[in-house]
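# Chain and residue survey
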Amino acid sequence: MAAPTVFFPKLSIVLKTALLCLLAVWPSLSRANDPSLAALFAERQLSGTLIIATADGSQRYVHNDARASQRYASASTFKILNTLIALEEGAIDSNEVLKWDGVARSLPDWNRDHTLASAFKTSCVWCYQVLARRIGGQAYRSYLDDIDYGRLASDFNPTEFWLNGDLQISAAEQIEFLKKLQSRALPFADEHFETLRNIMLVERTPTYALRAKTGWAARGQPQIGWYVGSLETAAATWLFALNIDLRSEQDLPLRAQLLRAALRAKGIADLPP
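Residues numbered from 1 in each chain as written. Predicted model: local features only at pLDDT ≥ 70, side-chain atom pairs only at ≥ 80, totals over all residues. Heavy atoms only, no water.

For the rest of this paragraph, the subject is the packing of helix α4 (residues 79-88) against helix α6 (residues 125-135). Two elements in contact, α4 and α6, have axes whose closest approach is 10 Å; the angle formed by their N-to-C orientations is 50°. When the axis of α4 is compared with that of α6, the two are oblique. Taken as a pair, α4 and α6 cross one another with a handedness that is left-handed. In this structure, α4 contributes Lys79, Asn82, Thr83, Ile85 and Ala86 to the contact, and α6 contributes Tyr128, Leu131 and Ile135. Residues of the contact of α4 with α6, tallied by class, amount to five nonpolar, two polar and one charged. (Axes fitted to C-alpha atoms, helices over the stretch in contact; angles between N-to-C directions. Helix = DSSP H or I, 4+ residues; strand = E, 2+ residues; numbered from the N terminus. Parallel < 35°, antiparallel > 145°, perpendicular 65-115°, else oblique. Left-handed = near helix turned anticlockwise from the far one by under 90°. Contact = heavy atoms within 4.5 Å. Nonpolar A, V, L, I, M, F, W, Y, C, P; charged D, E, K, R; others polar.)

For the rest of this paragraph, the subject is the pairing of strand β1 (residues 48-54). The buried fraction of β1 is high, at seven of seven residues. Direction of pairing for β1 relative to strand β9 (residues 237-246): antiparallel, over a ladder of seven bridges. Bridging from a neighbouring strand, Ile51 pairs with Ala241 of β9. Judged from the four bridges that link them, β1 and strand β2 (residues 60-63) form a sheet pairing that is antiparallel. Bridge pairing in β2 places Ala53 opposite Arg60. Hairpin connection of β1 to β2: five residues between the antiparallel strands, including Gly57 at a positive phi of 80°. (Buried < 20%, exposed > 50% of the residue type's maximum accessible area, 1.4 Å probe, protein only. Pairing = 2+ DSSP bridges.)

So, on to helix α8 (residues 171-183). Note that an α-helix has 3.6 residues per turn; residues three or four places apart therefore point the same way. The first and last C-alpha atoms of α8 sit 19 Å apart over 13 residues, in line with the 18 Å expected at 1.5 Å per residue. Among all positions of α8, only Ala171, Gln174, Ile175, Phe177, Leu178 and Leu181 are buried. Down the axis of α8, the smallest arc covering the buried residues is 165°, so these residues share one side. At the C-terminal side of α8, Arg184 shows a positive phi close to 60°. (Expected span 1.5 Å × (residues − 1). Arc of directions from axis to C-beta.)

A few words on the packing of helix α2 (residues 35-43) against helix α10 (residues 254-265). At a minimum axis distance of 10 Å, the contact between α2 and α10 shows a crossing angle of 145°. Judged by the twist between their axes, the crossing of α2 over α10 is right-handed. Here Leu37, Leu40 and Phe41 of α2 come into contact with α10, specifically with Leu258, Ala261, Ala262 and Ala265. Its residues assigned to classes, the contact of α2 with α10 shows seven nonpolar, no polar and no charged.

Moving on, we come to α2. Within the span of α2, buried status applies to Leu37, Leu40 and Phe41. On an axial view of α2, the arc spanned by its buried residues comes to 95°, and they lie on one face. Away from the buried face of α2 by more than 90 degrees, exposed residues Pro35, Ala42 and Glu43 are located. Residues of α2 that are buried make contact with β1, β2, β9 and α10. The first or second residue beyond α2 is Gln45, which carries a positive phi of 55°.

The next thing to look at is the sheet that holds β2. Spatially, β2-β1-β9-β8-β7-β6 is the arrangement adopted by the six strands of the open sheet, whose pairing is antiparallel. The sheet is open, and its two edges are formed by β2 and β6 (201-204), each paired on a single side. Averaged over all neighbouring strand pairs, the angle between strand axes comes to 15°, with direction disregarded. The strands touched by α8 are β1, β2, β8 (223-233) and β9; relative to β9, the strand with the most contacts, the crossing angle is about 150°.

For the coordinates displayed, the defined rule picks out 12 aromatic pairs. Judged by centre distance (5.6 Å) and plane angle (15°), the ring pair of Tyr143 and Phe188 falls under stacked. Within this pair, whereas Tyr143 is found in helix α7 (residues 137-147), its partner Phe188 is found in the loop between α8 and α9 (190-200), the two being separated by 45 residues in sequence. Phe188 shares its class with Tyr143; the two are buried. Here the basic side chain of Lys79 rests over the ring of Tyr128, its NZ or CZ set 5.2 Å away from the ring centre. One residue, Lys213, lies across the ring of Phe120, its end atom 5.5 Å from the ring centre. (Phe/Tyr/Trp six-rings, centres within 6.5 Å; stacked < 30°, edge-to-face > 60°. Lys NZ or Arg CZ within 6 Å of the ring centre and 35° of its normal.)

Quick look at the confidence of the model for the protein chain now. Overall, the predicted model of the protein chain reaches an average pLDDT of 91, with 88% of residues at or above 70. Low pLDDT (under 50) marks residues 1-30, which in the prediction has one contact with non-local residues, meaning those over four places away or in another chain. (pLDDT = per-residue confidence, 0-100.)

With that out of the way, let us pick up the sheet that holds strand β5 (residues 167-170). Backbone-to-backbone hydrogen bonds pair the strands of a sheet. The strands run either parallel or antiparallel. Pairing within the open sheet is antiparallel, and its three strands lie in the order β3-β5-β4. Unpaired on one side and paired on the other, β3 (71-73) and β4 (151-152) mark the two borders of the sheet. As defined by bridge partners, β4 adjoins β5 across two bridges and the pair is classed as antiparallel. What sits directly across from Leu152, in β5, is Leu167. Strand contacts of α8: β3 and β5, with the helix running at about 90° to β5, the strand carrying the most contacts.

Below is the structure:
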C-alpha cells in the first residue's frame, strides 16, 4: 500500500498545477469569441470581426475569431503605413501642399489642395497616388516585405494596390502591425512616428486619446469597411482592428459607431456614440 500513498499526493500536485495554469489562461481563452461583442454585431445585423487588445498583449477580446484571420483589401487603412513610407522616402513633408489638378472627383472634399494631414483625414485617393508615384513600386515591395505587412501580389499596380486587392491584410495582422507601430519597432525616424501620431488623432479628452483610420474596400463583393487604430488611456493602450461587410454606403458610419460601442461594453472607455 506504500506506492499509492506516495503516488496520489504527487498526482494531486500535478493536477493542482495544471488547474492553476488553466485558470491563468482561462480569461484569454474565454474572450476568443466574446459574447458581448457578438451582441453588438447582432444588434446591427452586421457580419464582420473585431479585435480589441492591449499593446502589451495582456488582454484581448475578439468577435469572430475565424474571420479575424481572413485577409481583405487593405483599402485606406494602408495610409497609416503609407504615410510613414512617404515621409521616410522624402516623398512629402508635413508642410508641403499637394496642388489639386482641377479634376472633379466623387468626394467633394478631395477637390481642393491638401496637406499630408488633410489628405489622411479625408482619405484622399489622388493625393496618395501622387505620393505613390514618387515612392515607386520597388520601394513599396521592400518595405512591405521587411515589415511583413499582409500579402502583396507578385504583380501589382503601384498606384492602386491598396485599393484593388493587390494588397490584402487580416484583422489579426493589423493588430500585429499596430503593436510594432506602438513600440516603434519599424524602420522609420522618430520624427515621422510623431507626425503620424498627430495626423491619426481623432479625439482627445482628459481620459483618453483615440487615433484611427477608416477604410472602404469598394471594388469587391461584398464591400468591406475597416476601422483600425489605438485608444490610449491612463491604464493601458488598446489596439483595435474591425472589418465588416457593407450592405450599402449608409453602413459606413457603423464602423466607428460599433468600435465605440465595443469600447464602452468592455469598460475600456466611456466614448460618446
